[in-house]
Amino acid sequence: MFVEEVPVRTRSRVEFVNIDGLVRDFIKKSGINEGFLTLFVPHTTAAITINENADPSVVRDIIRTTSKLVPYKGDYDHFEGNSDAHIKASLFGHSETVIVSGGKPLLGTWQSLYFCEFDGPRTRRLILSIS
Ligand code: ZN
């Protein structure tokens, strides 16, 4: 198994960062061409997801709709004032597993991996493993 932790810099409070390039670099560096890639976000207000890469309005729609479902200011108890970020992180989830074949992640044509920031901007951690 090959494991690495990489920083992900986010620039907005809510932002989806395309991490396809970072993932391809990691697979290449691992030297493992066939296996399972696991991505894990070790944060309570960030997440990871897979969705469309062709039309950037899809990510904008996801962010806008999620913000309506879970508004920034709401009837929350959490003292930090970022309950929306905690809730969104749990809704999206903290890990993804992708099959790797021929040294590439087996994603659909229109799919990309996104690091989901819900309480930025800041420098985050992403843990990748392949086996
Ligand atoms: Zn909090």
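Reference entry: report on the structure contained in this document.

**A few points about the overall build of the protein**
Here is step 1: For the protein, the helix and strand inventory stands at three helices and eight strands.
Here is step 2: In terms of overall size, the protein behaves like a compact globule, its C-alpha atoms giving a radius of gyration of 15 Å where 131 residues would be expected to give roughly 14 Å.
Here is step 3: Taking the principal axes of its C-alpha atoms as reference, the protein extends roughly 50 × 30 × 20 Å.
Here is step 4: Across the 131 residues of the protein, 42% fall into the buried class.
Here is step 5: For the protein, long-range pairs separated by at least 24 residues make up 83% of all intrachain contacts whose partners lie at least 6 apart in sequence.
Here is step 6: For the protein, the exposed area adds up to about 7,200 Å²; of that, 53% sits on carbon and sulfur atoms.
Here is step 7: Taken as two groups, the 15 positive and 16 negative side-chain charges of the protein have centres that lie 5 Å from each other.

**Notes on a nonpolar patch on the surface**
Here is step 1: A grouping of Phe 36, Ile 99 and Leu 106 is seen on the molecular surface, where their side chains present a nonpolar patch of about 310 Å² in accessible area.
Here is step 2: Within the secondary structure, Phe 36 is located in strand β3 (residues 35–40).
Here is step 3: Of the residues examined, Phe 36 reaches a relative accessible area of 49% and is grouped as partly exposed.

**Let's talk about the coordination of the zinc ion**
Here is step 1: Taken together, His 78 (NE2), Glu 80 (OE), Asn 82 (OD1) and His 86 (NE2) make up the full set of protein donors to the zinc ion, lying 1.8 to 2.2 Å away.
Here is step 2: Each of the four donor atoms around the zinc ion contributes to a set of angles spanning 90 to 147 degrees, which defines the coordination as irregular.
Here is step 3: Here the donor residues of the zinc ion share one chain and are spaced in sequence as H-x1-E-x1-N-x3-H.
Here is step 4: Exposure remark for Asn 82: the relative accessible area of 7% places this residue in the buried category.

**So, the sheet that holds strand β5 (residues 95–101)**
Here is step 1: Here we have five strands laid out as an open sheet, ordered β1-β8-β3-β5-β6, and antiparallel in their pairing. Every other strand in the sheet has two partners, leaving β1 (2–9) and β6 (104–105) as the edge strands with one partner each.
Here is step 2: Here six bridges tie β3 to β5, and the two strands are oriented antiparallel to one another. Counted as the bridge partner of Gly 35 is Val 100 from β5.

**Description of the packing of aromatic side chains**
The geometry of an aromatic ring pair is captured by the separation of the ring centres together with the interplanar angle, meaning the angle of the planes.
Here is step 1: Tallied over the entire structure, the rule returns five aromatic pairs.
Here is step 2: Taken together, a centroid distance of 6.2 Å and an interplanar angle of 80 degrees make the contact between Phe 16 and Phe 118 edge-to-face. In this pair, Phe 16 is assigned in strand β2 (residues 15–18) and Phe 118 in the loop between β7 (111–117) and β8 (123–130), connecting sequence segments 102 residues apart. Each member of the pair Phe 16 and Phe 118 is classed as buried.
Here is step 3: Aromatic pair Phe 92 and Phe 118: ring centres 5.4 Å apart, planes at 35 degrees, arrangement tilted.

**Topic: helix α3 (residues 83–92)**
Here is step 1: Here α3 has its buried residues at Ser 83, Asp 84, Ala 85, Lys 88 and Ala 89.
Here is step 2: If you follow the buried residues of α3, they end up packed against β4 (46–52) and α2 (56–69).
Here is step 3: Of the residues trailing α3, Gly 93 is marked for its positive phi of about 95 degrees.

Conventions adopted
- Residues numbered from 1 in each chain as written.
- Predicted model: local features only at pLDDT ≥ 70, side-chain atom pairs only at ≥ 80, totals over all residues.
- Heavy atoms only, no water.
- Helix = DSSP H or I, 4+ residues; strand = E, 2+ residues; numbered from the N terminus.
- Rg over C-alpha atoms; globule rule 2.2 N^0.38 Å.
- Buried < 20%, exposed > 50% of the residue type's maximum accessible area, 1.4 Å probe, protein only.
- Contact = heavy atoms within 4.5 Å.
- Areas by Shrake-Rupley, 256 points an atom, 1.4 Å probe, with all protein chains shown as cover.
- Lys, Arg positive; Asp, Glu negative; His and termini not counted.
- Charge placed at Lys NZ, Arg CZ, Asp CG, Glu CD.
- Patch = residues over 30% accessible without salt bridge, like charges linked within 9 Å, V, L, I, M, F, W, Y side chains within 5 Å.
- Salt bridge = Lys/Arg side-chain N within 4 Å of Asp/Glu carboxyl O.
- Donors = N, O, S within 2.8 Å, 3.2 Å for Na, K, Ca; no water.
- Tetrahedral: all angles 85-135°; square planar, octahedral: opposite > 155°, others 65-115°.
- Pairing = 2+ DSSP bridges.
- Phe/Tyr/Trp six-rings, centres within 6.5 Å; stacked < 30°, edge-to-face > 60°.

Everything listed is a geometric property; what it means functionally is a separate question.
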